[in-house]
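Structural description and commentary
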Amino acid sequence: MRIGILGTGTLAASLGEGWARAGHELAIGGRSQVKAERLAGRLGHGALAVAPREAVIGRDAVLLAVSWDGVDDMLGLVGASDGVLEGTPLIDPTNAVAHGVGALLTGHGESVARRVAGLAPGARVVKAFHLFPAGQWTSPPGGGQSRVTVAMCGDDAAALHVVGELVRDVGGTPAVLGALDRVRQLEEVAGFVIGLAFAGFDPNSAVPRVPSSAATS
């Protein structure tokens, strides 16, 4: 696939590494051209550093790998309000949470993914990759780490399929929770996990181990 990555931080680097290894064509667009060039050089496999707007045009999927408070700025740089992302699967992995606390910073009933959808009319927004640390995606699939489940929400079936394939390429198992009307729930889960971790508790110990077959009984 032709994948655009907006951002040059740790998640952009980690997923970019996995997707480059899987043979995808990457275009990196960041607010800093120098950082974009540095990341493209690290990723290799023909990855290119381009202007942010160029990173989203003609792509099979775009990753919005910026901090939650940089979403508006980055989507403004690419001209998202002009409809340049129309029809494009746009992956939103952002968490708008208070550092060290985990409380959501979005308004009551609001979500970052819905905000992204509003800023990028026509984009096929999919919430994914927001629960695990970036280091989860740096090992080749089958390289010793157990497969993890990547919960996703989105309104478009084709976009969910594309993102699901990209999840598999980095060693995850995609699980569609529902449409974007459930995305607030996913973002709350991230706050729950982050809050426990910063409080010194293992989030895994707070989630009961229920066999998947129990959901149908």
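Residues numbered from 1 in each chain as written. Predicted model: local features only at pLDDT ≥ 70, side-chain atom pairs only at ≥ 80, totals over all residues. Heavy atoms only, no water.

In the annotation of an unreviewed UniProt entry, the entry for the chain reads NADP oxidoreductase, and the organism field reads Streptomyces aurantiogriseus.

So, about the sheet that holds strand β1 (residues 2–6). Spatially, the eight strands line up as an open sheet ordered β3-β2-β1-β4-β5-β6-β7-β8, and their pairing is mixed. Across the chains shown, the open sheet's two edge strands, defined by having one partner strand only, are β3 (48–49) and β8 (172–178). Where strand β7 (residues 148–154) lies against β8, six bridges are found, and the strand directions are parallel. Within β8, the position partnered with Thr 149 by the bridge is Thr 173. (Pairing = 2+ DSSP bridges. Helix = DSSP H or I, 4+ residues; strand = E, 2+ residues; numbered from the N terminus.)

Another point: the UniProt feature "domain: Pyrroline-5-carboxylate reductase catalytic N-terminal" (unreviewed entry) in the chain. Under the present numbering, the feature "domain: Pyrroline-5-carboxylate reductase catalytic N-terminal" (unreviewed entry) in UniProt falls on residues 2–95. Taken end to end, residues 2–95 comprises 38% helix and 21% strand; its first and last C-alpha atoms sit 25 Å apart. (UniProt positions renumbered as here; feature names shortened; annotations may be inferred.)

The next subject is helix α7 (residues 183–198). Its 16 residues give α7 an end-to-end C-alpha distance of 23 Å, which sits within 8% of 22 Å, the value for a rise of 1.5 Å per residue. Taken together, the buried positions of α7 are occupied by Val 183, Leu 186, Glu 187, Ala 190, Gly 191, Gly 195 and Leu 196. Those residues of α7 that are buried are in contact with β5 (89–92), α5 (112–119), β6 (124–127), β7 and β8. Following α7 by one or two positions, Gly 200 has its phi on the positive side, about 95 degrees. (Expected span 1.5 Å × (residues − 1). Buried < 20%, exposed > 50% of the residue type's maximum accessible area, 1.4 Å probe, protein only. Contact = heavy atoms within 4.5 Å.)

Time to look at the pattern of salt bridges. Throughout the structure, instances matching the rule amount to twelve salt bridges. Among the salt bridges present, the one from Asp 155 reaches Arg 114, with a minimum N-O distance of 3.9 Å. With Asp 155 in the loop between β7 and α6 (157–169) and Arg 114 in helix α5, this residue pair connects regions lying 41 residues apart in the sequence. Residues Glu 188 and Arg 184 are paired through a salt bridge, measuring 3.1 Å at the closest nitrogen-oxygen approach. With Glu 188 and Arg 184 both in helix α7 and four residues apart, this pair spans about one turn of that helix. The network of salt bridges with common partners includes Asp 92, Lys 127 and Glu 187. (Salt bridge = Lys/Arg side-chain N within 4 Å of Asp/Glu carboxyl O.)

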